Amino acid sequence: MPAANLAFVVFAWGGNYTWVKLGLDDMGPWSFNAARYGLAAIALGLWLALRRGPAALLPVRGERAAIAVTGLLQVGVMTACSTLSLTRVEASRTVLIAYTMPVWSMLFGAAIAGERAGRPALLPAVLGLAGLAVLFSPWAMDWTTRAALEGSALALVGTWAWAAGALLYRRRVWRSGMWSQVSGQLGPSAIVMVVLAALLETRTTAPTAQLAAILAWNALVPTILGFRAWANALERLPVSTASQVLLLSPVLGVALSAAVLGEPITLALLLAALLTLAGSLLALRN
């Protein structure tokens, strides 16, 4: 069911903010992303090869390039731009811009596929974005410095790539099996992240049991299972609807940080949760 898949994605991606924050205590961001996607690609590849044979690692002929492009847009470009953005601006700004994705998916859908968003689709987007605004207070951020402009632009490019990749995936009926699709998206993205880590990483890694557990969790749940659930949802729902529900992810992330890291539960968090939940329910009903 689409709702179940999206609920899992919200849990996997939204709940991952806290674990990534803890993992970055022991590892640089570029190395972390390379390890996360590299481990995911290797683990999924081994599982597919053992269960279904080496041929299952790749999508069917005629779909491989298209699936690789959607993966690079949704995973590689999005992750690289977000990581670069975090080197220039605060995490809240990067997350805020990333989750404007429902708006861009509607705009790109109209430009690429001729999809027109009516009033029923606009109200959920307004509620969701209002929730993010309450949560992150963009009016209190400095948007004028060079670092702010560069970081915001990088986050926006990543968001555009995510929306474009999701729309390209949604526009086609795929013959490849779902696991082969996920493998075909993760493999090229993992290679890109490994190259970027070799070129850009400046921190050394402190190997700890906590880091190993966080990387294992990241490879399996938010990456392998998360991207399969996201692809399943996109097969059945418009990108604007699916991405609207994902606005619950940063709210869950802030709430989990409060529970795990002892950060306070604020009135703004509760109000943001209500607004984004209302927007998500309306999107699923439309």
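Cut-offs used in this document
- Residues numbered from 1 in each chain as written.
- Predicted model: local features only at pLDDT ≥ 70, side-chain atom pairs only at ≥ 80, totals over all residues.
- Heavy atoms only, no water.
- Patch = residues over 30% accessible without salt bridge, like charges linked within 9 Å, V, L, I, M, F, W, Y side chains within 5 Å.
- Areas by Shrake-Rupley, 256 points an atom, 1.4 Å probe, with all protein chains shown as cover.
- Salt bridge = Lys/Arg side-chain N within 4 Å of Asp/Glu carboxyl O.
- Helix = DSSP H or I, 4+ residues; strand = E, 2+ residues; numbered from the N terminus.
- Buried < 20%, exposed > 50% of the residue type's maximum accessible area, 1.4 Å probe, protein only.
- Lys, Arg positive; Asp, Glu negative; His and termini not counted.
- Polar contact = N/O pair within 3.5 Å; in protein donor to acceptor, adjacent residues only side chain to side chain.
- Contact = heavy atoms within 4.5 Å.
- Axes fitted to C-alpha atoms, helices over the stretch in contact; angles between N-to-C directions.
- Parallel < 35°, antiparallel > 145°, perpendicular 65-115°, else oblique.
- Left-handed = near helix turned anticlockwise from the far one by under 90°.
- Nonpolar A, V, L, I, M, F, W, Y, C, P; charged D, E, K, R; others polar.

Asks: Help me out: how do you make sense of a nonpolar patch on the surface in this one?
Replies: A cluster of nonpolar side chains, namely Ile191, Val195, Leu199 and Leu200, defines an oily patch on the protein surface of about 390 Å² accessible area. Turning to its location among the elements, leucine 200 is positioned in helix H9 (residues 178-200).

Asks: Quick question: what am I supposed to make of the side chain of glutamate 201 here?
Replies: Counting through the fold element by element, glutamate 201 comes out in the loop between H9 and helix H10 (209-236). Of the buried charged residues, glutamate 201 lacks a salt bridge, with arginine 203 as the closest side chain of opposite charge at 5.5 Å. Polar side-chain contacts of glutamate 201 include one of 2.7 Å to the backbone nitrogen of serine 31. From its side chain, glutamate 201 meets the backbone nitrogen of arginine 203 in a polar contact 3.1 Å long. Non-local contacts of glutamate 201, meaning those with residues more than four positions away in its chain, are made with Gly28, Pro29, Trp30, Ser31 and Leu196.

Asks: What is the right way to read the packing of helix H3 (residues 29-52) against helix H4 (residues 64-86) from this model?
Replies: Describing two packed helices takes the angle between their axes plus the distance from one axis to the other. Between H3 and H4, the least distance of the axes is 10 Å, while the angle of their chain directions is 160°. Our classification of the angle between H3 and H4 gives roughly antiparallel. When the axes of H3 and H4 are compared, the crossing they make is right-handed. Within the contact between the two elements, H3 uses Pro29, Trp30, Asn33 and Tyr37 and H4 uses Val75, Thr79, Ala80, Thr83 and Leu84. Among the residues making up the contact of H3 with H4, the classes are represented as 6 nonpolar, 3 polar and no charged.

Coordinates in, geometry out; function isn't part of it.
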